[in-house]
Amino acid sequence: MALVFFSMEAAGIGFFVALWAASVVWTTRDAGRRCGHVSLRLGAPLLALLLPFVGAGLYALVKPCEERADVRARRLRTRFFESAVGGAAERCPECATELEPEFRCCPVCGERVRSTCGGCGQPVRTAWTTCPWCTKPVRQPAEDAAISEVA
């Protein structure tokens, strides 16, 4: 009979030791995902190791709400939406330099980004086929050069 009680006692102790080890492992892995500072990533598992069950419980109460990867993703989404709503500046198609609205060519690589409409004189982008102000077709400089060579 004593053997049965001894084996039950050993199983109970083993269960609590395994549960304690699992709480330390959980705290270590979760702190690695959520905490940015090294002292927090090392201090939380140490607290769970030194204070069985209580350390993991304290960490669960004070841990950051978001994982570091989620924080990075949220910041990227916010930056993307701010640039989309804020009217991000036009960029050169060749070198991606930020362009001012009045530039006719890229100041870095010299790529032509705007020409003048023959109908109204407004600046139009080289990719446009029609002037949005006077609705006339836009002739590109390459077409002008080809026409002058033929004539």
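Residues numbered from 1 in each chain as written. Predicted model: local features only at pLDDT ≥ 70, side-chain atom pairs only at ≥ 80, totals over all residues. Heavy atoms only, no water.

1. Some remarks on the overall build of the protein
Part 1 of the argument: For the protein, the count of helices and strands is five helices and two strands.
Part 2 of the argument: Each helix and strand of the protein, placed in order from N terminus to C terminus, yields the pattern α-α-α-α-β-β-α.
Part 3 of the argument: Burial statistics for the protein: of 151 residues in total, 17% are counted as buried.
Part 4 of the argument: In the protein, the share of contacts with a sequence separation of at least 24, taken over all contacts with a separation of at least 6, comes to 28%. (Helix = DSSP H or I, 4+ residues; strand = E, 2+ residues; numbered from the N terminus. Buried < 20%, exposed > 50% of the residue type's maximum accessible area, 1.4 Å probe, protein only. Contact = heavy atoms within 4.5 Å.)

2. So, the pattern of salt bridges
Side-chain pairs of opposite charge can arise whenever the charged atoms involved come near each other.
Part 1 of the argument: Counting across every chain of the model gives five salt bridges.
Part 2 of the argument: The shortest N-O distance in the salt bridge between Arg 74 and Glu 66 comes to 2.9 Å.
Part 3 of the argument: Of the residues examined, Arg 74 reaches a relative accessible area of 35% and is grouped as partly exposed.
Part 4 of the argument: A cluster of three or more residues bridged by salt bridges with shared partners is formed by Asp 30, Arg 33, Arg 34 and Glu 67. (Salt bridge = Lys/Arg side-chain N within 4 Å of Asp/Glu carboxyl O.)

3. Considering helix α4 (residues 68-85)
Part 1 of the argument: Compared with the 26 Å implied by 1.5 Å per residue over 18 residues, the 26 Å span of α4 between its first and last C-alpha is a close match.
Part 2 of the argument: In terms of burial, α4 is a largely surface element, one of the 18 residues being buried. (Expected span 1.5 Å × (residues − 1).)

4. A few points about unusual backbone geometry
As a rule of thumb, non-glycine residues mostly have phi less than zero, and peptide bonds are mostly trans rather than cis.
Part 1 of the argument: Positive phi, close to 70 degrees, is recorded for Phe 53, a residue that is not glycine.
Part 2 of the argument: If you trace the backbone, Phe 53 turns up in the loop between α2 (38-50) and α3 (54-62).
Part 3 of the argument: The class for Phe 53 is partly exposed, based on a relative accessible area of 37%.

5. Some points on the packing of helix α1 (residues 2-34) against α2
Part 1 of the argument: α2 packs onto α1 with a crossing angle of 170 degrees between their chain directions and a minimal axis gap of 8 Å. By the angle between their directions, the pair α1 and α2 is classed as roughly antiparallel. Crossing angle aside, the handedness with which α1 passes α2 is right-handed. Every residue of α2 that contacts α1 at Trp 20, Val 24, Thr 27, Thr 28, Ala 31 and Gly 32 is listed here: Leu 40, Arg 41, Ala 44, Pro 45, Ala 48 and Leu 49. (Axes fitted to C-alpha atoms, helices over the stretch in contact; angles between N-to-C directions. Parallel < 35°, antiparallel > 145°, perpendicular 65-115°, else oblique. Left-handed = near helix turned anticlockwise from the far one by under 90°.)

6. Looking at the packing of α2 against α3
Two measures define how a pair of helices packs: the angle their axes make with one another and the distance between the axes.
Part 1 of the argument: Two elements in contact, α2 and α3, have axes separated by 6 Å at closest approach and are oriented at 145 degrees. Mapping the contact onto sequence places Ala 44, Leu 47 and Ala 48 in α2 and Gly 55, Ala 56, Leu 58 and Tyr 59 in α3.

7. Let's talk about α2
It helps to recall that an α-helix has 3.6 residues per turn; residues three or four apart then point in one direction.
Part 1 of the argument: Here α2 contains 13 residues, and its C-alpha end-to-end distance of 18 Å stays within 8% of the 18 Å for a straight helix at 1.5 Å per residue.
Part 2 of the argument: Within the span of α2, buried status applies to Ala 44, Pro 45 and Ala 48. The arc that holds every buried residue of α2, seen down its axis, measures 85 degrees, which confines them to one face. Every exposed residue of α2 that faces more than 90 degrees away from the buried side is listed here: Leu 42 and Leu 50. (Arc of directions from axis to C-beta.)

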